[in-house]
Amino acid sequence: MKIKRTSMMFNNVIKTTYRTRMDQWYEEAKTLRNAIINNGLYGTGPVIYQVENIGDSGEEIPEADYTFHVPINQPVTMEENAPFSFDELLHYEDGLLLRHADLDEDIEESYEILRACAEANNFLLKEPFYNIYLDVYGDGIIDIFAPIEMEE
């Protein structure tokens, strides 16, 4: 596995958070994409998501909080209590990037590889990591971006 040190930057990003089963996150991503299109906008980049607060209810497939970020074509103004928010810029100057190419494999293993790399290089990573979902020929891969919070 190849880990790169790089930056991440996306302009005009709509963001929302859903609590959903971990095997159904993509349904909520579709909901956000549809809401963007239904409002006369279009996505200009991949769906980016973060996962946190994984449930421990003893269920076979737990729920978690998913925060989705989708870059769009123009700035927008959101109402105060809207289910979505807008950021002009989603940007980290420094981080580690790892491609998680096989979606059947446990993504937590890729997270552990990033954490081990950070520890070996005396970095402190900011979690939750950003999962950048890329649609490739009808299949998907995920680039995991782990922001470097501090270098010791």
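Predicted model, so just to flag it, every value in this text is computed and none were measured. (Residues numbered from 1 in each chain as written. Predicted model: local features only at pLDDT ≥ 70, side-chain atom pairs only at ≥ 80, totals over all residues. Heavy atoms only, no water.)

**So, the environment of Leu-98**
Alright, step 1. If you trace the backbone, Leu-98 turns up in strand E4 (residues 85–100).
Alright, step 2. The exposure class assigned to Leu-98 is buried, which follows from its relative accessible area of 0%.
Alright, step 3. Sequence-distant contacts of Leu-98, defined by excluding residues within four places in its chain, comprise Met-1, Lys-2, Ile-3, Ser-110, Ile-113, Leu-114, Ile-142, Asp-143 and Ile-144. (Helix = DSSP H or I, 4+ residues; strand = E, 2+ residues; numbered from the N terminus. Buried < 20%, exposed > 50% of the residue type's maximum accessible area, 1.4 Å probe, protein only. Contact = heavy atoms within 4.5 Å.)

**Considerations on the layout of surface pockets**
If a probe the size of a water molecule is rolled over the atoms, the empty space left behind becomes visible.
Alright, step 1. What the largest pocket holds in volume is close to 580 Å³.
Alright, step 2. In terms of lining residues, the largest pocket is bounded by 22 residues, among which Met-22, Trp-25, Tyr-49, Tyr-66 and Ile-107 are the most central.
Alright, step 3. Elements with a minimum of two residues in the lining of the largest pocket: helix H1 (25–38), strand E2 (47–52), helix H2 (107–120) and strand E6 (130–136).
Alright, step 4. Considering each element in turn, the lining of the largest pocket owes the most residues, 4 residues, to H2.
Alright, step 5. Taken as a whole, the second largest pocket holds about 210 Å³ of empty space.
Alright, step 6. Contributing to the lining of the second largest pocket are Ile-14, Leu-32, Ala-35, Ile-36, Asn-39, Leu-41, Val-76, Thr-77, Met-78, Glu-79, Ala-82 and Phe-84.
Alright, step 7. Here the element with the most residues in the lining of the second largest pocket is H1; it accounts for 3 residues.
Alright, step 8. Across the lining of the second largest pocket, the residue classes tally to 9 nonpolar, 2 polar and 1 charged. (1 Å grid on protein atoms, 1.4 Å probe; cavity = no way out; pocket = protein on both sides within 12 Å on 5 of 7 lines; lining within 4 Å. Points joined across faces, edges and corners; volume = space filled by probe spheres on them. Nonpolar A, V, L, I, M, F, W, Y, C, P; charged D, E, K, R; others polar.)

**Some remarks on unusual backbone geometry**
Alright, step 1. Look at the link from Glu-127 to Pro-128: it is a cis peptide, with omega at 5°.
Alright, step 2. Inspection of the secondary structure puts Pro-128 in the loop between strand E5 (123–125) and E6.
Alright, step 3. Residue Asn-12 is not a glycine yet carries a positive backbone phi of 50°.
Alright, step 4. With respect to the element layout, Asn-12 can be found in strand E1 (residues 3–21).

**Observations concerning the confidence of the model for the chain**
For any part of a model where pLDDT is low, the fine detail of the predicted coordinates should not be relied upon.
Alright, step 1. In this model, the chain carries a mean pLDDT of 91, and residues with pLDDT of at least 70 account for 99%.
Alright, step 2. The secondary structure element of the chain with the lowest average pLDDT is H1, at 89, and the one with the highest is E4, at 96. (pLDDT = per-residue confidence, 0-100.)

**A short note on the pairing of strand E7 (residues 139–151)**
Alright, step 1. Here E4 runs beside E7; their pairing, made up of 6 bridges, is antiparallel. When the sheet's bridge partners are listed, Leu-97 is paired in E7 with Phe-145.
Alright, step 2. Where E6 lies against E7, 7 bridges are found, and the strand directions are antiparallel. Opposite Ile-132, over in E7, you have Asp-143 as the bridge partner.
Alright, step 3. Taking the residues between adjacent antiparallel strands as the criterion, E6 and E7 are bridged by 2 residues, where Tyr-137 takes a positive phi near 50°. (Pairing = 2+ DSSP bridges.)

**What about H1?**
Alright, step 1. Along its 14 residues, H1 runs 20 Å from first to last C-alpha, staying within 8% of the 20 Å computed at 1.5 Å per residue.
Alright, step 2. Among all positions of H1, only Trp-25, Glu-28, Ala-29, Leu-32 and Ile-36 are buried. What you see down the axis of H1 is that its buried residues fit within an arc of 105°, all on one side. For H1, the exposed residues set more than 90 degrees away from the buried face come down to Ile-37 and Asn-38.
Alright, step 3. Considering only its buried residues, H1 is in contact with E1, E2, strand E3 (63–71) and E6.
Alright, step 4. Phi for Gly-40, located one or two positions after H1, is positive at around 75°. (Expected span 1.5 Å × (residues − 1). Arc of directions from axis to C-beta.)

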